[in-house]
Amino acid sequence: MARKSKPVWQVGDRIDHLLGIERELRALLDQRLKPWGLTFAQLSLLRFIKEPKDWQDEPLSGPIRPADVAHHFRFTPRTVTEALNRLTPYIAKSIHPKDKRSVCLGLTSKGDAAIANTRAAIERTNQDVFGDLYRRHDETLWFALPAIRNRIKTARELDGPQVMGVARKGCR
């Protein structure tokens, strides 16, 4: 017997619910990172610069450029510039050896320390939020999230070219 599809309002409620969870989780993380003077968004940016990975968790090669940050986080170039400027003590910028107009990003010792020092707060939040869900719902939860991400990516691709489609070029 075929399942009946859910009414549109119920599907919308799922989206609202997921986005609400994301907002609550970010608020909790921001609260726990406050002693270090960082937000979770800022820490995520630092972590991406330190260990750049694509959406499938595959490492990216070469140093990171601001355009890579924009592409990964779906930010505008101006937003990336503003975010990087706020993180100046944590981020080292160097000139691309072949293209003097391009900047490559790395972390300062303060940036590395920020990642190391906040690890316990992130692990505590992970345990507090997900706790025994790992044991009880591991397959369902952790296989569903990448599947949802892939469906979103496919839907975006089907919608056509995106404004944020910045091609990745390595700094070498």
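Residues numbered from 1 in each chain as written. Predicted model: local features only at pLDDT ≥ 70, side-chain atom pairs only at ≥ 80, totals over all residues. Heavy atoms only, no water.

Caption draft 1: Fine view of the overall build of the chain. A tally of regular secondary structure across the chain gives 6 helices and 2 strands. When the elements of the chain are put in sequence order from the N terminus, they spell out α-α-α-α-β-β-α-α. Going through the 172 residues of the chain one by one, you find that 24% of them count as buried. Within the chain, contacts between residues at least 6 apart in sequence are counted, and of these 59% link residues at least 24 apart. Carbon together with sulfur atoms contributes 57% to the accessible area of the chain, which is approximately 12400 Å² in total. (Helix = DSSP H or I, 4+ residues; strand = E, 2+ residues; numbered from the N terminus. Buried < 20%, exposed > 50% of the residue type's maximum accessible area, 1.4 Å probe, protein only. Contact = heavy atoms within 4.5 Å. Areas by Shrake-Rupley, 256 points an atom, 1.4 Å probe, with all protein chains shown as cover.)

Caption draft 2: The arrangement of the side chain of Thr125 in detail. Mapped onto the elements, Thr125 comes out in helix α5 (residues 109-130). Discounting residues that sit within four places of it in the chain, Thr125 has contacts with Leu25, Leu28, Leu29, Arg32 and Phe130.

Caption draft 3: Geometry of the packing of helix α2 (residues 40-50) against helix α3 (residues 66-73). α3 packs onto α2 with a crossing angle of 120 degrees between their chain directions and a minimal axis gap of 11 Å. Relative to α3, the element α2 is oriented oblique. Here α2 and α3 pass one another in a crossing that is right-handed. Contact residues: α2 offers Ser44, Leu45 and Phe48, while α3 offers Asp68, Val69, His72 and Phe73. Considered class by class, the residues forming the contact of α2 with α3 number 4 nonpolar, 2 polar and 1 charged. (Axes fitted to C-alpha atoms, helices over the stretch in contact; angles between N-to-C directions. Parallel < 35°, antiparallel > 145°, perpendicular 65-115°, else oblique. Left-handed = near helix turned anticlockwise from the far one by under 90°. Nonpolar A, V, L, I, M, F, W, Y, C, P; charged D, E, K, R; others polar.)

Caption draft 4: Region of interest: α2. Counting buried positions over the 11 residues of α2 gives 8, a clear majority of the element. Restricting attention to buried positions, one finds in α2 the residues Phe40, Gln42, Leu43, Ser44, Leu45, Leu46, Phe48 and Ile49.

Caption draft 5: The arrangement of unusual backbone geometry in detail. The backbone of Arg74 sits at a positive phi, close to 60 degrees, despite the residue not being glycine. The partly exposed category is assigned to Arg74, whose relative accessible area is 36%.

Caption draft 6: The arrangement of the packing of α2 against α5 in detail. Where α2 meets α5, the closest approach of the two axes is 10 Å, and the angle between their N-to-C directions is 120 degrees. Judged by the inter-axis angle, α2 sits oblique to α5. α5 is crossed by α2, and the crossing has left-handed handedness. Residues Phe40, Leu43, Leu46, Arg47 and Lys50 of α2 touch α5, and the partners they reach there are Asp112, Ala114, Ile115, Thr118 and Ile122. Tallied by class, residues from the contact of α2 with α5 come to 6 nonpolar, 1 polar and 3 charged.

Interpretation in functional terms is not warranted from these geometric data alone.
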